[in-house]
Amino acid sequence: MQYRFGAKFISIPALILLILLFQTAVAFAGHGEAKKEKTGILLVAFGSTMPEAQVSFEKIDERVRSEFPDVDVRWAYTSSIIREKMAGQGTDLDSPALALSKMMDEGFTHVAVQSLHTIPGEEYEGLVDTAESFEGMPKGIDKISIGTPLLYSDADMRAAVSALKSVFPSERKDGDSIILMGHGTHHAANIYYPASQYYFELVDPNVYVGTVEGSPSLDDIMKELKSRKKGRVFLMPFMSVAGDHARNDMAGNESDSWKSILSEAGYDCIPVLKGTAEVPAVLDIWVDHLKTAYSELKH
Ligand code: CO
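To keep things clear, this report deals only with the structure shown in the data block. (Residues numbered from 1 in each chain as written. Predicted model: local features only at pLDDT ≥ 70, side-chain atom pairs only at ≥ 80, totals over all residues. Heavy atoms only, no water.)

Details of the coordination of the cobalt ion
Part 1 of the argument: Looking at the metal site, the cobalt ion is ligated by His183 (NE2) and His245 (NE2), spaced 2.0 Å from it. Placement of His183 in the loop between strand 5 (177-182) and helix 7 (192-203) and of His245 in helix 9 (residues 244-250) is noted, with a sequence separation of 62 residues between them.
Part 2 of the argument: On the basis of relative accessibility, which here comes to 25%, the residue His183 falls in the partly exposed class. (Donors = N, O, S within 2.8 Å, 3.2 Å for Na, K, Ca; no water. Helix = DSSP H or I, 4+ residues; strand = E, 2+ residues; numbered from the N terminus. Buried < 20%, exposed > 50% of the residue type's maximum accessible area, 1.4 Å probe, protein only.)

And the structure:
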């Protein structure tokens, strides 16, 4: 095609058309322009259907917002059963995939995802896979980094033990034991529970760590308890929230709760319904992990 720009050969409408085409070309050329950087935080918990357990999430939310006052903070929940139940009660909760999709569409370029799980088990692994698959999509989030759960490193184990020790009941006397109820899992990371037993023993020989769904079981703990002098037993959750497991499986009145089984065996049981996320020194550990993840976004 040949263009002749001599005034004679070009009409006014054609000139306007040429100008319009030129402007369109400029607009297309502008497509590669740098995106505006937008950083956010996504907090991810397993979730709980119990209204009483929400206090844990509120504590975490408050703390994170005060540490990162200028950053948008979002939440997601990894348990599909809990999301379904909550939706049935009129509360819509996001899965990690949905929360990240929304953040992607809203133009977030950098997202620090913090796992609020206790161990690096199935929930955490799934979260890592989901989050990583959102990184670097066309026109999507450029960088995602993931903060490790509460118990991950040797330093975490020691920090968690001293944090929990700080909230052991003050009315506890010599010979009184503490039994912590962890969740437990078939995942290899269940090993964190017997491992934490070791770390507790370094600072307090009368602490036992058991699990609802993994090992050690309550039976395992009772064998150990038997060999000791019978004092009172304080039951505490080793879970972020004092939810269904803590209120029913641990402290419930049903005959198969830990409280009932231990009482039946002659122990004087005192349940303490406080999730680990209600303990400020425990929150410090999660917040430290988030700070690490957040700073990795900038590298
Ligand atoms: Co469970």
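Here we look at the nonpolar core
Part 1 of the argument: Residues Ile41, Leu43 and Phe200 are the most contacted members of the largest nonpolar core, which totals 47 residues.
Part 2 of the argument: Of the residues forming this core, the biggest block, seven residues, is contributed by helix 11 (residues 280-296).
Part 3 of the argument: Counting residues in each nonpolar core, the second largest holds 18 residues, with Leu42, Phe108, Ala131 and Ile144 among its members. (Core = buried A, V, L, I, M, F, W, Y, C linked by side-chain atoms within 4.5 Å.)

Quick look at the layout of surface pockets
Part 1 of the argument: Considered as a void within the structure, the largest pocket measures approximately 790 Å³ in volume.
Part 2 of the argument: Along its surface, the largest pocket is lined by 30 residues, and Phe46, Glu123, His183, Met239 and His245 are the ones closest to its centre.
Part 3 of the argument: Broken down by secondary-structure element, the contributors of at least two residues to the lining of the largest pocket are helix 3 (80-88), helix 5 (122-133) and helix 9.
Part 4 of the argument: Classifying every residue of the lining of the largest pocket gives 11 nonpolar, 14 polar and five charged. (1 Å grid on protein atoms, 1.4 Å probe; cavity = no way out; pocket = protein on both sides within 12 Å on 5 of 7 lines; lining within 4 Å. Points joined across faces, edges and corners; volume = space filled by probe spheres on them. Nonpolar A, V, L, I, M, F, W, Y, C, P; charged D, E, K, R; others polar.)

A look at the packing of helix 6 (residues 154-165) against helix 7
The geometry of a pair of packed helices is captured by two quantities: the angle between their axes and the separation between those axes.
Part 1 of the argument: Between helix 6 and helix 7, the least distance of the axes is 9 Å, while the angle of their chain directions is 60°. Our classification of the angle between helix 6 and helix 7 gives oblique. For the crossing formed where helix 6 meets helix 7, the hand is right-handed. Residues Asp154, Met157, Arg158, Val161, Leu164 and Lys165 of helix 6 form the contact with helix 7, whose participating residues are Tyr192, Ala195, Ser196, Tyr199, Phe200, Leu202 and Val203.
Part 2 of the argument: When grouped by side-chain class, the residues that make up the contact of helix 6 with helix 7 number nine nonpolar, one polar and three charged. (Axes fitted to C-alpha atoms, helices over the stretch in contact; angles between N-to-C directions. Parallel < 35°, antiparallel > 145°, perpendicular 65-115°, else oblique. Left-handed = near helix turned anticlockwise from the far one by under 90°. Contact = heavy atoms within 4.5 Å.)

Quick look at the sheet that holds strand 1 (residues 39-45)
Part 1 of the argument: Taken in spatial order, the four strands of this open sheet run 2-1-3-4, and their pairing is parallel. Edge strands, defined here as strands with exactly one partner in the open sheet, are strand 2 (72-77) and strand 4 (143-147). Looking at each pair of strands side by side, their axes are set apart by 20° on average, direction ignored.
Part 2 of the argument: Across six bridges, strand 1 lies against strand 2 in parallel orientation. Among the inter-strand pairings, Ile41 is bridged to a residue of strand 2, identified as Val73.
Part 3 of the argument: The sheet strands contacting helix 4 (residues 96-105) are strand 1, strand 2, strand 3 (110-115) and strand 4, and the helix crosses strand 1 at an angle near 170°. (Pairing = 2+ DSSP bridges.)

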